[in-house]
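Residue strings, one per chain:
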Amino acid sequence: MINETFLNHLKPVELEFIQAFIYKLTSDKITLDTTNSENIESTVSRCPHCGSFHFVKNGFNKKHRQKYLCRDCGKIFSDTTNTIFSHTRSHYHTWTTFIACELNQMTLEQEVVATGKSKTTCFHMRHKLYAAIGAHIRNTLLKGIVKMDSTFTGINLKGMKAKNMPRISKVRGKSKTDTNRKHKRGINSHKVCIVTAIDEWDTMLLEIAGNGAESMEKYQKYVERFDKDCTIVSDGKQAILEFASNNQFQKDTIRPKPNQKNYTSRNGNSLGEVNQLHQEFKQMIKHYHGVSIRHLQHYLDWLVFRKQMKYQIRAEARKTKAYMLAMKGSVSFVTKDICSFELPINVLTLYQN
Ligand SMILES: [Zn+2]
């Protein structure tokens, strides 16, 4: 596989030699008819459904692509099963154009214009892309100095059918309503808690941890994502301090003194990057005129990915890099299920109380 490391190791003369061929090859191989399957490995190493190595060839599909039968789970698959390209008729150019649109945070309407595909197709492509990339961004451990905090957002039920919509149980009588309101101040259970962490290499964690105030347990859900030798920077919130202590992480706490303007810890760390990410999250919600709680984690994943790309990859290479990462990611749902993804928090019980 060609990657940056491989190219970096080439000698100047070798690079020039390759460059001489590359223009011709590019124009020969990349045409309007280029398909996505030309880009993925045509040899299958394991069953995408159960991971078994025990499978046999099983004829060809309508597009003359090899089909396989898994001897363990009995399912039939091909080299595009569970990839972003399964059940898609879109060509290579459509996908790369679409990815470019997504990297530029375009709306579905703008993507329809750019790709010539329907709004439904664009919606499906968006969620397949986000799912494939989500798997990729969860692959790297947070190491070294890790800055942590949480942010909150309301529960958005956009797209939910009226008959399924939960309602806050009404309390009759004026005085009762007033006392009810008093209890609703501050961070109540009708807020979604999003835990955030960023390390010194810009690896990020941005996850819906549940509803209500932050707690040690909410952070603990993601402990697997932290390197055991990391240092947790926080502004001293109890939940984060407990999380760090419980897992024997080192702590670096920001405790602003009365006359001090800059909020930094003893070691000079601040929560600037975390606050910036929270701000970008709020802007994103506004940009899309609200995001349904059902799909919010997908959008958070894409926000993290776009930010990492900006730090790590030159603008010219971002589109194809994103394509290469996305085609390797696993997409375990079919398009008809996108609108019925399980909700990350139990909205129904929440509204009954
Ligand atoms: Zn299988």
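Residues numbered from 1 in each chain as written. Predicted model: local features only at pLDDT ≥ 70, side-chain atom pairs only at ≥ 80, totals over all residues. Heavy atoms only, no water.

Under an unreviewed UniProt entry, the protein has the name Transposase and belongs to Faecalicoccus pleomorphus.

Visitor: Can you walk me through the coordination of the zinc ion in this structure?
Guide: Note on metal geometry: ideal angles are 109.5 degrees for four donors arranged tetrahedrally and 90 or 180 degrees for six donors arranged octahedrally. Distances from the zinc ion to its protein donors, Cys47 (SG), Cys50 (SG), Cys70 (SG) and Cys73 (SG), fall within 2.3 Å. What the 4 donor atoms of the zinc ion show is an angle range of 103 to 114° at the metal, which sorts the shape as tetrahedral. Spacing between the donor residues of the zinc ion along their common chain follows C-x2-C-x19-C-x2-C. Given a relative accessible area of 31%, Cys73 falls into the partly exposed group. (Donors = N, O, S within 2.8 Å, 3.2 Å for Na, K, Ca; no water. Tetrahedral: all angles 85-135°; square planar, octahedral: opposite > 155°, others 65-115°. Buried < 20%, exposed > 50% of the residue type's maximum accessible area, 1.4 Å probe, protein only.)

Visitor: In this structure, what is going on with the environment of His49? I would like to understand it.
Guide: For His49, the location among the structural elements is in the loop between helix 2 (12-29) and strand 1 (55-60). Among the residues examined, His49 registers a relative accessible area of 34% and is labelled partly exposed. Between the alpha carbons of His49 and Ile76 there is a distance of 9.1 Å; along the sequence they are 27 residues apart. With near-sequence residues (within four places) excluded, His49 lies in contact with Cys73, Lys75, Ile76, Phe77, Thr81 and Asn82. (Helix = DSSP H or I, 4+ residues; strand = E, 2+ residues; numbered from the N terminus. Contact = heavy atoms within 4.5 Å.)

Visitor: Which parts of the structure should I look at to understand the pattern of salt bridges?
Guide: Between side chains of opposite charge, a pair can form when the charged atoms approach closely. Scanning the model with the defined rule gives 17 salt bridges in all. With a closest N to O distance of 3.6 Å, Glu4 and Lys321 form a salt bridge. Taken together, the positions of Glu4 in helix 1 (residues 4-8) and Lys321 in helix 11 (residues 315-328) put the pair 317 residues apart, joining distant regions of the chain. The partner of Arg126 in a salt bridge is Glu111, and the shortest N-O contact between them spans 3.7 Å. Residue Arg126 is found in helix 5 (residues 119-137), and its partner Glu111 is found in helix 4 (residues 108-115); the two are separated by 15 residues along the sequence. As far as the burial class goes, Arg126 and Glu111 line up, both buried. A network of salt bridges, in which partner residues are shared, links Arg138, Glu207, Arg225 and Asp301. (Salt bridge = Lys/Arg side-chain N within 4 Å of Asp/Glu carboxyl O.)

Visitor: Looking at this structure, how should I read unusual backbone geometry?
Guide: Generally, phi is negative for residues other than glycine and the peptide bonds are trans, each holding for most cases. Phi at Gln105 is positive, roughly 55°, even though this residue is not glycine. Considering the arrangement of structural elements, one finds Gln105 in the loop between helix 3 (92-103) and helix 4. The buried category is assigned to Gln105, whose relative accessible area is 16%. Of note, the phi angle at Gln248 is positive, near 55°, even though the residue is not glycine. In this fold, Gln248 is placed in the loop between helix 8 (238-246) and strand 8 (250-253). Looking at Gln248, the relative accessible area reads 66%, which means it is exposed.

Visitor: Is there a simple way to think about helix 4 in this case?
Guide: Turn by turn, an α-helix covers 3.6 residues, leaving residues three or four places apart pointing in a common direction. Taken together, the buried positions of helix 4 are occupied by Leu108, Glu111 and Thr115. Buried residues in helix 4, looked at end-on, bunch into an arc of 55°, giving them a common side. On its buried face, helix 4 sits against helix 3 and helix 5. (Arc of directions from axis to C-beta.)

Visitor: Honestly, the sheet that holds strand 8 in this entry has me stumped. Any pointers?
Guide: Where strands meet in a sheet, backbone hydrogen bonds hold them as pairs that are either parallel or antiparallel. Pairing is mixed in the open sheet, where 5 strands are placed in the order 6-5-4-7-8. If you trace the sheet from one side to the other, it starts and ends with strand 6 (204-211) and strand 8, each paired once. Looking at each pair of strands side by side, their axes are set apart by 25° on average, direction ignored. Pairing between strand 5 (residues 191-199) and strand 6: 7 bridges, direction antiparallel. Residue pairing across strands places Ala197 opposite Leu205, the latter belonging to strand 6. Contacting strand 4 (145-154), strand 7 (231-234) and strand 8, helix 8 crosses the sheet at an angle of about 170° to strand 7. Lying on the sheet, helix 10 (residues 296-312) is in contact with strand 4, strand 5 and strand 6; it crosses strand 6 at an angle near 165°. (Pairing = 2+ DSSP bridges. Axes fitted to C-alpha atoms, helices over the stretch in contact; angles between N-to-C directions.)

Visitor: Help me understand the packing of helix 3 against helix 11, please; the structure alone is not making it clear to me.
Guide: Each pair of packed helices gets described by two things: the angle between the helix axes and the distance between those axes. Where helix 3 contacts helix 11, the axes come no closer than 9 Å and their chain directions differ by 115°. When the axis of helix 3 is compared with that of helix 11, the two are roughly perpendicular. For the pair helix 3 and helix 11, the sense of crossing is right-handed. On helix 11, the residues that touch Tyr92, Trp95, Thr96, Ile99, Ala100 and Leu103 of helix 3 are Arg318, Lys319, Thr320, Ala322 and Tyr323. (Parallel < 35°, antiparallel > 145°, perpendicular 65-115°, else oblique. Left-handed = near helix turned anticlockwise from the far one by under 90°.)

Visitor: Looking at this structure, I do not really get the packing of helix 5 against helix 10. What am I missing?
Guide: Interhelical geometry of helix 5 versus helix 10 gives an angle of 65° and a closest axis separation of 9 Å. Note on packing geometry: the crossing formed by helix 5 with helix 10 is left-handed. For the pair formed by helix 5 and helix 10, the contact residues are Arg126, His127, Leu129, Tyr130, Ala131, Ile133, Gly134, His136 and Ile137 on the first element and His298, Tyr299, Asp301, Trp302, Val304, Phe305 and Gln308 on the second.

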